[in-house]
Amino acid sequence: MIRLGCEQDRAAVLRIQSEVLAAAGAFLRREGFLEILPVLLSPITDPLHHETYSTVVDYYGVPYQLTKSMIFHKQIALRTLARIFCFSPNVRMEPVERAAAGRYLAEFVQLDLEVRGATRTDILRLGERLLVTVLECVADRCAGELSRLGRELHIPAVPFREIPYAEAARSFGEPFDDALSGTLTEPAWVIDFPRDVREFYDREDPARPDVLLDMDLVYPQGFGEALSGGEREHEPRRIRDRLRRDGIPEGRFAAYLKVADRGLPRSAGFGIGIERLTRFIAGLERIEDARLFSKVPGDTAAM
Ligand code: AMP
Ligand code: MG
């Protein structure tokens, strides 16, 4: 993993990133997806499973939040369109201790996608093809940039390995992302997270209570988590049940529940962090080298 030495190195990373954006967008359009515009302000956003500092904004006297992820807006958008993606800016004021890991920013962009009627298996296969296509395009179009950065890109074989969460936890303890990623030479899926480590919107397997129909993709070579996703709870009764079991008052998600009562389609999808993907492809030690105007948690000199 490298640190950038000069502006030419930085330019090489940004050219790679620009190719990533173009290749991912083109792939999804070929797959019948429509790009939608991001939402920045809303009364509802992802509750996340870890503490972040508040990003509440005074919206004409009503507290709105800056987007932490577009999960709920994606589900609602599927009432109108069947296959959607969005380059979605997220603001998550991560705890300062997270800065040391080299893969957290307070402001980052997710390529967030969702598919009406899809199963987790559909999305696993789609995610693999997306990653492989992006890697192939970058290898083909950015050979000079990769060689400048000393990065040799390996195109992984599909399908990727699928590792149940319980098996990874047994082998590496919890959390296992770093340890698992350090042993991988190809990306791998982690599937079947336990309910209590994820958010209420990931669908619980009707056949296995407390096991979710969800996944993470983990990069090889110690680059850690690439994406998170899964099938979604869409039935109002199940959504309310999950909120209750997570101890979240329904009022916090009133706007979402109101739409869910009118009908949300069954769906699955994921969000993949663009800066983390750029970091992996360019072989960067730290995520702040993977974009301009990086905001490392706690860095108040950022602009
Ligand atoms: P999540 O649903 O919280 O897992 O977020 C989806 C994806 O966004 C993750 O798998 C990462 O690729 C990326 N991501 C999440 N949080 C951050 C962060 N603080 N900085 C950079 N990328 C992030
Ligand atoms: Mg995640």
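Residues numbered from 1 in each chain as written. Chains lettered and ligands numbered in written order. Predicted model: local features only at pLDDT ≥ 70, side-chain atom pairs only at ≥ 80, totals over all residues. Heavy atoms only, no water.

J.: Which parts of the structure should I look at to understand the site of ligand 1?
T.: Taken together, the neighbourhood of ligand 1 is formed by 15 residues, with Arg92, Glu94, Glu225, Ala226 and Ser228 sitting nearest. One nitrogen or oxygen atom from the main chain of Leu105 is found 2.9 Å from a nitrogen atom belonging to ligand 1. Isolated, ligand 1 exposes 480 Å² of accessible area, and the fraction of that covered by the protein chains is 91%. Given that more than half its atoms are within 2 Å of the pocket grid, ligand 1 belongs to the largest pocket. The element that contributes the greatest number of residues to the shell around ligand 1 is strand S10 (residues 224-231), accounting for 4 residues. Across the shell around ligand 1, the residue classes tally to 6 nonpolar, 4 polar and 5 charged. (Near = heavy atom within 4 Å. Polar contact = N/O pair within 3.5 Å; in protein donor to acceptor, adjacent residues only side chain to side chain. Areas by Shrake-Rupley, 256 points an atom, 1.4 Å probe, with all protein chains shown as cover. 1 Å grid on protein atoms, 1.4 Å probe; cavity = no way out; pocket = protein on both sides within 12 Å on 5 of 7 lines; lining within 4 Å. Sits in = over half its atoms within 2 Å of the grid points. Helix = DSSP H or I, 4+ residues; strand = E, 2+ residues; numbered from the N terminus. Nonpolar A, V, L, I, M, F, W, Y, C, P; charged D, E, K, R; others polar.)

J.: Would you take a moment to explain the pattern of salt bridges for this structure?
T.: When the charged atoms of two side chains with opposite charge come close together, those side chains can pair. If you walk through the whole model with that rule in mind, you get 39 salt bridges. A salt bridge links Asp216 to Arg198; the shortest N-O distance between them is 3.0 Å. Here Arg198 lies in the loop between strand S8 (188-191) and strand S9 (214-219) and Asp216 lies in strand S9, a separation of 18 residues in the sequence. One exposure class covers both Asp216 and Arg198, and it is buried. The structure contains a network of salt bridges with shared partners spanning Lys74, Asp112, Glu114, Arg198, Asp202, Asp214, Asp216 and Arg232. (Salt bridge = Lys/Arg side-chain N within 4 Å of Asp/Glu carboxyl O. Buried < 20%, exposed > 50% of the residue type's maximum accessible area, 1.4 Å probe, protein only.)

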